[in-house]
Amino acid sequence: MTGLGAVFRPQLPPERLRAVARLADVTGLEELWLWEDCFREGGISTAAAALAWTERVRVGVGLLPVALRNVAITAMEAASLERMFPGRAVLTLGHGVQDWMGQVGARAASPLTLLGEQLDALRALLRGERLSVSGRYVRLDDVGLDWPPEQPVDVLAGATGPRTLRLAGAKADGTLLTAATSPDGVREARRIIDEGRREAGRAEPHKVVVYLLAATGADAAARLRAELAAEGLESVPDLGAAGDAGAVAKAVQRLAEAGADTVVLQPTGDEPDPEGFVRFVAEEVRPLVS
């Protein structure tokens, strides 16, 4: 069955998260995704709070910009979340928006190298290994976690371009695709990811998660058009979904048929009822998605 989730967008103040997270939990939503967007809300702090306020919903962070983080800190945080909330936290590493990285003095000369080094180190640390590495960006001297996870932890990579998609296939346990990805884009991403997996000799399953911009209600179509236009995506075919649960479910199914394992519905930035959106996804769209 295709996984289904919803995004709590950081355009909302962080004090709104508690009500949304609790509603996601009680309505049976499978996944609630959070963003670490500069300069709004921290990914790990909001994920920890959402996990503590809930009992069963999985909480994803998509994504943590690697340029902002020492990999040892990310490993400590990821291991702590896994041990406190086993199997419920999903972390994604990615380049981040390069202009934002420049604003904080963290822009890397080779974002691809940085991401690859962090993925390798993070996955090894979470496996309980002790590392001494001297890479271009990641340098560790006999570093290991005192409290590594007791179970394997998947680490996803956020990717758009072909080089990062291939890297994700080679070095990550899954890939997160943005809402600018059409069904054809998912198919192409899967092809490139699989190339990376084959080149790295990896045969284990690789999960693909994709955001789907969605709107419902009387002004749904107008809000969707406005957001796509603001992102410069109004001319890209087959992006987003507007309308009732049936229309949204059909868009989810198209992404699933193209190769998405999980589709996370992303409300528009001006969504007037975030709690209502979560209830819509869990109670109306979920029954229509196989």
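As the structure is a computational prediction, the values presented were derived from the model and not from experiment. Per chain, residue numbering runs from 1 following the sequence as it is written. Selection of residues for local features in this predicted model requires a pLDDT of at least 70, selection of side-chain atom pairs for listing and counting requires 80 or more, and totals for whole chains, interfaces and linings are taken over all residues. Computation of side-chain values: all heavy atoms of the structure, hydrogens and water removed.

**So, the pairing of strand E8 (residues 174–177)**
Okay, so step 1: Neither face of E8 is left uncovered, since the one carrying Gly174 and Leu176 and the one carrying Thr175 and Leu177 both have all their residues buried.
Okay, so step 2: Any two strands with at least two DSSP bridges between them are considered paired. For helices the rule is a DSSP run of H or I covering at least 4 residues; for strands it is a run of E covering at least 2, with both sets numbered from the N terminus onward. Here 3 bridges tie strand E7 (residues 155–158) to E8, and the two strands are oriented parallel to one another. Across the sheet, the residue bridging to glycine 158 is leucine 176, located in E8.
Okay, so step 3: The handedness of the E7 to E8 crossover, carried by helix H6 (residues 162–171), is right-handed.
Okay, so step 4: Pairing of E8 with strand E9 (residues 207–215), which is carried by 4 bridges, proceeds in the parallel orientation. For leucine 176, the partnering residue across the bridge sits in E9 and is valine 209.
Okay, so step 5: Looking down the strands as they point away from you, a crossover is right-handed if its path from the first strand over the helix to the second goes clockwise. A crossover connection joins E8 to the parallel E9 through helix H7 (residues 183–200); in handedness this β-α-β unit is right-handed. Summary of the burial criterion: residues with accessible area below 20% of their type's maximum are buried, those above 50% are exposed, and those between are partly exposed, where the area comes from a 1.4 Å probe applied to protein chains only.

**A closer look at the nonpolar core**
Okay, so step 1: Here, nonpolar core refers to any group of buried Ala, Val, Leu, Ile, Met, Phe, Trp, Tyr and Cys residues whose side-chain atoms link them within 4.5 Å. One finds Val263, Leu265 and Val285 to be the most contacted residues of the largest nonpolar core, which totals 78 residues.
Okay, so step 2: At 8 residues, helix H5 (residues 111–126) tops the list of elements feeding residues into this core.
Okay, so step 3: In this view, leucine 265 contacts Leu4, Gly5, Ala6, Val7, Leu212, Ala214, Val248, Val252, Phe277, Val281 and Val285; residues no more than four positions away in its chain are not counted.
Okay, so step 4: Trp35, Ala179, Val209 and Val264 belong to the second largest nonpolar core, which has 15 residues in total. Note on definitions: a residue-residue contact is assigned when non-hydrogen atoms from the two residues lie within 4.5 Å.

**What to know about the pattern of salt bridges**
Okay, so step 1: Here, a salt bridge means any side-chain nitrogen of Lys or Arg that lies within 4 Å of a carboxyl oxygen of Asp or Glu. Tallied over the full model, the rule gives 26 salt bridges.
Okay, so step 2: Here aspartate 25 ties to arginine 56 by a salt bridge, and the two come within 3.7 Å at their closest N and O atoms. Of this pair, aspartate 25 sits in helix H1 (residues 17–26) while arginine 56 is found in the loop between helix H2 (43–53) and strand E3 (58–65), placing the two residues 31 residues apart along the sequence.
Okay, so step 3: One salt bridge in this structure joins glutamate 77 and arginine 69, with 2.8 Å as the shortest N-O distance.
Okay, so step 4: Judged by its relative accessible area of 23%, glutamate 77 is partly exposed.
Okay, so step 5: Taken together, the salt bridges that share partners define one network made up of Arg123, Asp173, Arg202 and Glu204.

**Re the packing of helix H3 (residues 71–84) against H5**
Okay, so step 1: Structural elements are reduced to axes, namely lines fitted to C-alpha atoms, with helices fitted over the stretch in contact, and the angle between N-to-C directions of any two is expressed from 0 to 180 degrees. The N-to-C vectors of H3 and H5 enclose an angle of 40°; their axes lie 9 Å apart at closest approach. The pairing of H3 with H5 is recorded here as oblique in orientation. H3 and H5 meet at a crossing whose hand is right-handed. On the side of H3, the interface is formed by Val71, Ala72, Thr74, Ala75, Ala78 and Ala79, while H5 contributes Gln118, Ala121, Leu122, Leu125 and Leu126.
Okay, so step 2: Amino acid classes used here: Ala, Val, Leu, Ile, Met, Phe, Trp, Tyr, Cys and Pro are nonpolar; Asp, Glu, Lys and Arg are charged; the rest, including Gly, are polar. Residue composition of the contact of H3 with H5, grouped by class: 9 nonpolar, 2 polar and no charged. Between 65 and 115 degrees an angle is taken as roughly perpendicular, under 35 as roughly parallel, over 145 as roughly antiparallel, and anywhere else as oblique. In a left-handed crossing the near helix is turned counterclockwise from the far helix by less than a right angle, and in a right-handed crossing that turn is clockwise.

**Section: a nonpolar patch on the surface**
Okay, so step 1: Taken together, the side chains of Phe39, Leu68 and Val104 present a nonpolar region at the surface, about 270 Å² in accessible area.
Okay, so step 2: In this fold, valine 104 is placed in the loop between helix H4 (98–103) and H5.
Okay, so step 3: With a relative accessible area of 41%, valine 104 lands in the partly exposed category. Patches here are clusters of residues that have more than 30% relative accessible area and form no salt bridge, with a 9 Å joining cutoff for like charges and a 5 Å cutoff for nonpolar side chains (Val, Leu, Ile, Met, Phe, Trp, Tyr). In this description, accessible areas are obtained by the Shrake-Rupley approach with a 1.4 Å probe, and a residue is regarded as covered only by the protein chains that are shown.

**Points about H7**
Okay, so step 1: One less than the number of residues in a helix, times 1.5 Å, gives the span that helix is expected to have. The end-to-end C-alpha distance of H7, which contains 18 residues, comes to 26 Å, matching closely the 26 Å that a straight helix rising 1.5 Å per residue would cover.
Okay, so step 2: Turning to H7, its buried residues number three or more, namely Pro183, Val186, Ala189, Arg190, Ile192, Ile193, Glu195, Gly196 and Arg197.
Okay, so step 3: Tucked into the core, H7 has its buried residues touching H6, E8, E9 and helix H9 (245–258).
Okay, so step 4: At the C-terminal side of H7, glycine 201 shows a positive phi close to 70°.

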